Amino acid sequence: MFREIEMVVSRRGLAALAVGAFLTAGYPMKACAQSGKPVKIGVIYPTKSVIGKQGVQGSNIAVEMLNAAGGILGRPVSLVTYDTNYAPVEGVSAVQKLLTQDEVKFVVGEISSTVALAVIPVIKSEDALLMLAVPKHPDVTKQGGGNIFRLNTTSAMDAKSFDRYLVDTVAPSKVALVAENNDYGRLNVANFKALFGDKLVYSDLFSMTQSDFSAMASNLRGSGADLVCIVASNPEQSGNILRGMKDLGYNPKRCITPGLLNNDTPKIGGAAAEGVFSEDVYSPTLKNELNQKFVAAYEKKYGETPGKVEVLGFETVWITANAIQAAGSEKDTNKVAETIRAGTWETPRGSVRFDASGQASGDNVVRVEVRGGKVVEVKS
């Protein structure tokens, strides 16, 4: 279906890596016959959750597009997937199985920053490479370096535009924040206290497995906040919090922190999600050829339009596989890591680059809002 992989890698540093003239800017990699043992990439997500399934499904589309174009190193790409269940212990166990039992050198995915921070030492001890999708805590790349990469933005990166939008444009009198009880959620509580000071009249944490938010919704209403922000990577939880507030007749302005307004949030929240706003690095309406191919392939296979988590799942496999091809080895993780840092990688959200710490940055920031039951881009 897709006969070319449209990978563009910058010329910077490639001569030293000797990865071949076909990688120069704008030169596509042609399809060729696949043979031999598949190149395996390990995938970790909380696969029983909506958001975990989205990440896996995005990864699957990347594999299908790669293999339709001839695979990498003349061989097909295959995924070995494990469930982390949002639990550090299970995440560590999954990565250990991938690196030892499955003989995988490249691991991608994950949602939770807490899980990510737990598995990084295992990756380092086995000289493997980790390409994280969603975890947002700054320490993921601060402690990482070497062969640790992250595609999502950090809270500090998000703050450059979204915090100012909240303060200057939304301009609330009273603010309430509820957040998942993990490293990233607690960091957001601290950030909101610094940002709003005495205007932050209520904050609370909830478990990643919590499903009953009736008491929290009542507390939110009692706070009298005219802006409620939610930090929830799991759309089941953000949707249920929104429904709980609406059931009480409490209708403040509502935001979900950047990168966490999932396509499934309005499906779960229903009318209660209408008008919820956020900011993100991806919209399925972005007009570049690779995004159009990705969206078409995803919609054909899964019957729905992909969002940011799906595209990050895609990118983890897409960039890792293309870097393996560019480095000419599925065994030398250090060389592949150097190739990732040297390159500018074309993805569905546009050009993506990595800094020395392994943190990605891209070209797009879009404001998004729930309108008509869907997450849509809003032009400022």
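Whatever comes next refers back to the structure up there.
Residues numbered from 1 in each chain as written. Predicted model: local features only at pLDDT ≥ 70, side-chain atom pairs only at ≥ 80, totals over all residues. Heavy atoms only, no water.

**Here's the deal with the overall build of the chain**
Phase 1 of the analysis: Scanning the chain from terminus to terminus reveals 14 helices and 17 strands.
Phase 2 of the analysis: Put simply, 70% of the contacts in the chain that link residues at least 6 apart link residues at least 24 apart.
Phase 3 of the analysis: Of the roughly 14500 Å² of accessible surface on the chain, a fraction of 50% belongs to carbon and sulfur atoms. (Helix = DSSP H or I, 4+ residues; strand = E, 2+ residues; numbered from the N terminus. Contact = heavy atoms within 4.5 Å. Areas by Shrake-Rupley, 256 points an atom, 1.4 Å probe, with all protein chains shown as cover.)

**Observations concerning the sheet that holds strand β15 (residues 360-361)**
Phase 1 of the analysis: In space, the three strands of this open sheet follow the order β13-β14-β15, with antiparallel pairing throughout. The open sheet has two edge strands with one neighbour each: β13 (344-347) and β15.
Phase 2 of the analysis: Sheet topology note: the β13/strand β14 (residues 350-354) ladder contains four bridges and is antiparallel. Bridge assignment links Thr 344 to a residue of β14, and that residue is Arg 353. (Pairing = 2+ DSSP bridges.)

**What about the state of the cysteines?**
Phase 1 of the analysis: Applying the stated criterion across every chain yields a total of one disulfide.
Phase 2 of the analysis: Each sulfur in the disulfide pair Cys 229 and Cys 255 lies 2.0 Å from the other. Between Cys 229 and Cys 255, the S-S dihedral sits near 120°, and the bridge is therefore right-handed. With Cys 229 in strand β10 (residues 227-231) and Cys 255 in strand β11 (residues 253-256), the pair connects residues that are 26 residues apart, well separated along the chain. (Disulfide = S-S within 2.5 Å.)

**As for the packing of helix α12 (residues 289-302) against helix α13 (residues 308-327)**
Phase 1 of the analysis: Contact geometry for α12 and α13: axes closest at 12 Å, N-to-C directions at 110°. Taken together, the axes of α12 and α13 lie roughly perpendicular to each other. The element α12 and its partner α13 pack so that their crossing is right-handed. Taken together, the residues of α13 that come into contact with α12 (itself represented by Leu 290, Phe 294 and Tyr 298) are Glu 310, Val 311, Phe 314 and Trp 318.
Phase 2 of the analysis: Across the contact of α12 with α13, the residue classes tally to six nonpolar, no polar and one charged. (Axes fitted to C-alpha atoms, helices over the stretch in contact; angles between N-to-C directions. Parallel < 35°, antiparallel > 145°, perpendicular 65-115°, else oblique. Left-handed = near helix turned anticlockwise from the far one by under 90°. Nonpolar A, V, L, I, M, F, W, Y, C, P; charged D, E, K, R; others polar.)

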